[in-house]
Amino acid sequence: MKIYPATSEDAHFISKIWSECFTQDVSYINNFLNNCFPFSKTWLITQDDSNIAAASLSLLPCYVKYSGKIYKGGYVYAVGTLPEHRGNSYSKHLTEEAFRYALKEKLSFLAVKPATETLYELYSRLNFDTVLYEKISEIDTEKRYNYDSDGLLLNDHLPVTREFRFLNNQVNISKLYELREKDLSDKCILWDKEILSYAINEISFRNGKYDYFYYQGNPKDGFYTVYYPSEKDDSLVHVIDHNIKDASTLEDFIFENSSRNNDVKNYLITNLPSNISKRCPVKIIKSGMAKSFVDDPDFNRFLSKLSLSLPME
């Protein structure tokens, strides 16, 4: 068995593993090869008697902000083994290689989003010892959430201006990056700018949207949402990333989207503020797992309360 870091010359091996493990959509695979692979670390594994890659794992750069400092980390991604080579513990060996790399490069943590409950058990055995969680709120488009306990409207709707809609150019990614830095640093593990751009592209393959609006006269305090329609229910939309802060902003988001799509009846929105989520059905679900390499109990408690934002499995 041989483990080695992949280069651009190994793209055909990566494409084969992705096509047999994840998707046969060539454009989706090329999105990874062109927009993520150059900014991340990928390892391949071969058998001793072969030079053909049998499995791969990628480590994407991410980070958290804590107590005025940036702590760099890595996100374990796209762990796949060709069907004929499964049963050889290749994913285990590749994950161990990612751990060795993290320690060598002095990363502060690793994170992963297991796709199934069984994989949570697997990654637990591979030293991911912290489970991360997130809140999922169910929002009914016909219901009003912008009332206080006495039934009074907290404030009237303000005119909104929509600046762009899922235009994945560098200007917009920079704007989104700034908003996430400002509003999500105490809630989420964050992406480097290049990986954020890839994540937004990845959402487009689910027919997703990236929306931004601001109240007239306040373009610097904008609000954004990243969402995609449910594959099983046309009336349901998953909002997986946002900086909605209050019920008034939530209702403006619903109003803006309902005016364009009358078929949407419900939104599933991650990590809404408690002043909104207490008014609607909420589920607490597993967001991912993490392993800290920092010998600081306060940092580790902070890390354990974060969720994975724009996670890719």
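The shown structure was predicted, so the numbers you read here are calculated from the model rather than taken from an experiment.

Reading the values: the criteria
- Residues numbered from 1 in each chain as written.
- Predicted model: local features only at pLDDT ≥ 70, side-chain atom pairs only at ≥ 80, totals over all residues.
- Heavy atoms only, no water.
- Salt bridge = Lys/Arg side-chain N within 4 Å of Asp/Glu carboxyl O.
- Helix = DSSP H or I, 4+ residues; strand = E, 2+ residues; numbered from the N terminus.
- Buried < 20%, exposed > 50% of the residue type's maximum accessible area, 1.4 Å probe, protein only.
- Patch = residues over 30% accessible without salt bridge, like charges linked within 9 Å, V, L, I, M, F, W, Y side chains within 5 Å.
- Areas by Shrake-Rupley, 256 points an atom, 1.4 Å probe, with all protein chains shown as cover.
- 1 Å grid on protein atoms, 1.4 Å probe; cavity = no way out; pocket = protein on both sides within 12 Å on 5 of 7 lines; lining within 4 Å.
- Points joined across faces, edges and corners; volume = space filled by probe spheres on them.
- Nonpolar A, V, L, I, M, F, W, Y, C, P; charged D, E, K, R; others polar.
- Core = buried A, V, L, I, M, F, W, Y, C linked by side-chain atoms within 4.5 Å.
- Contact = heavy atoms within 4.5 Å.
- Phe/Tyr/Trp six-rings, centres within 6.5 Å; stacked < 30°, edge-to-face > 60°.

Looking now at the pattern of salt bridges. Here the structure, examined in full by the defined rule, presents 12 salt bridges. Of the charged contacts, one joins Glu20 and Lys16 as a salt bridge, the two residues approaching to 2.7 Å between their closest N and O atoms. Of the two residues, Glu20 and Lys16 are both situated in helix H1 (residues 11–21); the distance of 4 residues between them amounts to about one turn of the helix. You can call Lys16 partly exposed: its relative accessible area is 36%. The closest approach of N and O atoms between Lys65 and Glu181, which form a salt bridge, is 3.1 Å.

Attention shifts here to a nonpolar patch on the surface. Side chains of Tyr133, Val282 and Ile284 sit close together on the surface and give an oily, nonpolar patch of about 290 Å² of accessible area. Secondary-structure assignment places Val282 in strand S13 (residues 282–292).

Here we take up the layout of surface pockets. Approximately 250 Å³ is the volume found for the second largest pocket. Those elements giving two or more residues to the lining of the second largest pocket turn out to be strand S4 (69–81), helix H3 (90–104) and helix H4 (117–125). With 3 residues, the single largest contributor to the lining of the second largest pocket is S4. In the lining of the second largest pocket, the residues fall into 5 nonpolar, 6 polar and 1 charged.

Take the nonpolar core next. Grouped together as the largest cluster of nonpolar side chains are 57 residues, with contacts concentrated most on Trp18, Phe32, Val64, Tyr77, Ile189, Trp191 and Leu310. No other element matches the 6 residues that helix H6 (residues 193–204) contributes to this core. Filtering out sequence-adjacent residues up to four positions away, Leu310 remains in contact with Arg180, Trp191, Leu196, Ala199, Ile200, Ile203, Val226, Ile240 and Asp241. In terms of nonpolar packing, the next biggest core, distinct from the first, is built from 20 residues, Ala55, Ala98, Leu107 and Leu126 among them.

Any empty space left between the atoms is revealed when a probe the size of a water molecule rolls over them. In total, this model carries 1 cavity of 30 Å³ or more according to the counting rule given. Forming the walls of the largest cavity are 11 residues, and the residues nearest its centre are Asp211, Phe213, Thr225, Phe253 and Asn257. Sorting the residues of the lining of the largest cavity by element identifies strand S9 (209–215), strand S10 (223–229) and helix H7 (247–258) as the ones contributing at least two each. Each residue belonging to the lining of the largest cavity can be placed in one class, and the counts come to 5 nonpolar, 2 polar and 4 charged.

What follows concerns the packing of aromatic side chains. What the rule picks out here adds up to 25 aromatic pairs. With 5.1 Å between their ring centres and 70° between their planes, Tyr28 and Phe205 make a pair best called edge-to-face. A residue pair is termed long-range when its members are at least 10 positions apart, and Tyr28 in helix H2 (residues 26–35) and Phe205 in the loop between H6 and S9 qualify at 177 residues. Phe205 gets classed as partly exposed once you look at its relative accessible area, which sits at 32%. Ring geometry for Phe213 versus Phe223: centroids 5.9 Å apart, planes at 35°, classification tilted. Of this pair, Phe213 sits in strand S9 while Phe223 sits in strand S10, and the two are 10 residues apart along the sequence. The same class applies to Phe213 and to Phe223, which are both buried.

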